Each structure stands twice: as structure tokens, then as C-alpha cells.
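What follows is the residue order along each chain.
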Amino acid sequence: MPRIDWRTALKAVIGFAVGLAAWTMLSTTYDSMLASVTEATIRLFERPQVTRLNPDGEYISIDRQDFDPRSKHPEIPASDLTFNLILLTALFAAEKRTFSDRNMIRFALALLVLSLTHVFGVVTEVMSIYVARLGPWSEANYGPIARNFWGVANHFYRLVLMYAIAFGLWWGFRPKGDAESEKTKPRKKRKPT
């Protein structure tokens, strides 16, 4: 079993703490942006365009113009769908040259792609509510194929993709030159004694 370098572990822990602090402090602003982009995405595919996503503190409230205004609006805890930012930050912080230009630029690109996956996560959450959690309205408007597809997509995102995306983005965007240069360095020959 390979030994874990204590510096790498410490950088990962510090990165985790920084990611947690950033996620906590920026979540309200980020959730508002996420609700707006997700609403626009859902409305691209619906006719008539009736979905409204309203950020409300820690939740994104789902509203439809064709719902009775007196009915209760389902809510999504957005933080449940975006906390993989913390994992991604810890992984990039553990890199050999944490603050190098290459690492920081690649981390920013990974964050951009991660935000797109968050939109996908909220879409799956909204659609899983539409297809399965609104009683007779869901049954009248969606068939079994749609219910299965959006239910599986939502569960798969929550249970697997949230974590796999963070690791995949780190693996795909991390600076590879540092690791490759270590492998290609010539080894020093020992002098015979």
C-alpha cells in the first residue's frame, strides 16, 4: 500500500476547509444563479413555459403557472445537490503545486463544468418531482417511461454522479505535466563503495 505524504494530506484538509467555507458563504448567491439558469433550461423544453424556480433561503421553490396558487409548492434543498464543490476543491488543493497558474486555471475550468452539472442535478430533481410526487397530476401528465427515466436520473445523480463528477473533473483537468516530469527524470546512479 503506498504511503500518503503528510503534506498532500494536509493540503487536502485545508482545501476541504476552504471549499466548505466558500460553499457556505456563497451558496445563497450561487443558488439564485442556479435557479435562474435551471429555470431557463427547463423552459427551453416545455410548452407552454410554466415552470418557475424561486430561491428561498436554503431551498429552491418550484412553482408552475398552471398550479392552484393555494397549493403547497415543492422545495429542493439546493445545497444537497452542490456540495461536491467541496470535494473538488480538496482534490485540486492536494496537487503538488497548488497555487501554480496551471493548477488554478484548470481548477477554474473544472468549476465551470461542475456548475453545468449542478444545473443537470436540479433539472433531474424538478423533473422527478413532476413525474412522481404530485399525485394525480403526475399520473395524468407523465407516463411510466418518463417516471422511470427521471426517477433513475435523479437517484443516479444523487448517489453516484455527484461524487464521480468531482473525481472525474479533477482527473481530467489536473495538471499532468508535474506527474509526468517526475516519471521522466533520470535517476541518480549510486556510486559503488
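Residues numbered from 1 in each chain as written. Predicted model: local features only at pLDDT ≥ 70, side-chain atom pairs only at ≥ 80, totals over all residues. Heavy atoms only, no water.

## Here we look at the packing of helix α3 (residues 84-93) against helix α4 (residues 101-132)
Interhelical geometry of α3 versus α4 gives an angle of 165 degrees and a closest axis separation of 11 Å. As far as their axial angle goes, α4 and α3 are roughly antiparallel. Relative to α4, the crossing made by α3 is right-handed. Along the contact surface, α3 presents Asn84, Leu85, Leu88, Thr89 and Phe92, while α4 presents Asn103, Arg106, Phe107, Ala110, Leu111, Leu114 and His118. When the residues that make up the contact of α3 with α4 are grouped by side-chain class, the tally is seven nonpolar, four polar and one charged. (Axes fitted to C-alpha atoms, helices over the stretch in contact; angles between N-to-C directions. Helix = DSSP H or I, 4+ residues; strand = E, 2+ residues; numbered from the N terminus. Parallel < 35°, antiparallel > 145°, perpendicular 65-115°, else oblique. Left-handed = near helix turned anticlockwise from the far one by under 90°. Contact = heavy atoms within 4.5 Å. Nonpolar A, V, L, I, M, F, W, Y, C, P; charged D, E, K, R; others polar.)

## Some remarks on the pattern of salt bridges
Taken as a whole and assessed by the stated rule, the structure comprises six salt bridges. The residue Arg64 makes a salt bridge to Asp66 at a minimum N-O spacing of 2.9 Å. Arg158 is paired through a salt bridge with Glu125; the nearest N and O atoms lie 3.0 Å apart. You can see Arg158 sitting in helix α6 (residues 144-173) and its partner Glu125 sitting in helix α4, a full 33 residues away along the chain. Given a relative accessible area of 5%, Glu125 falls into the buried group. A network of salt bridges, in which partner residues are shared, links Glu46, Arg64 and Asp66. (Salt bridge = Lys/Arg side-chain N within 4 Å of Asp/Glu carboxyl O. Buried < 20%, exposed > 50% of the residue type's maximum accessible area, 1.4 Å probe, protein only.)

## Digging into α3
Residues three or four positions apart in an α-helix share a direction because the helix packs 3.6 residues into each turn. Across the 10 residues of α3, nine count as buried, placing the element largely inside the fold. Burial in α3 covers these residues: Asn84, Leu85, Ile86, Leu88, Thr89, Ala90, Leu91, Phe92 and Ala93. The inward-facing, buried residues of α3 abut α1 (6-45), α2 (79-82), α4 and α6.

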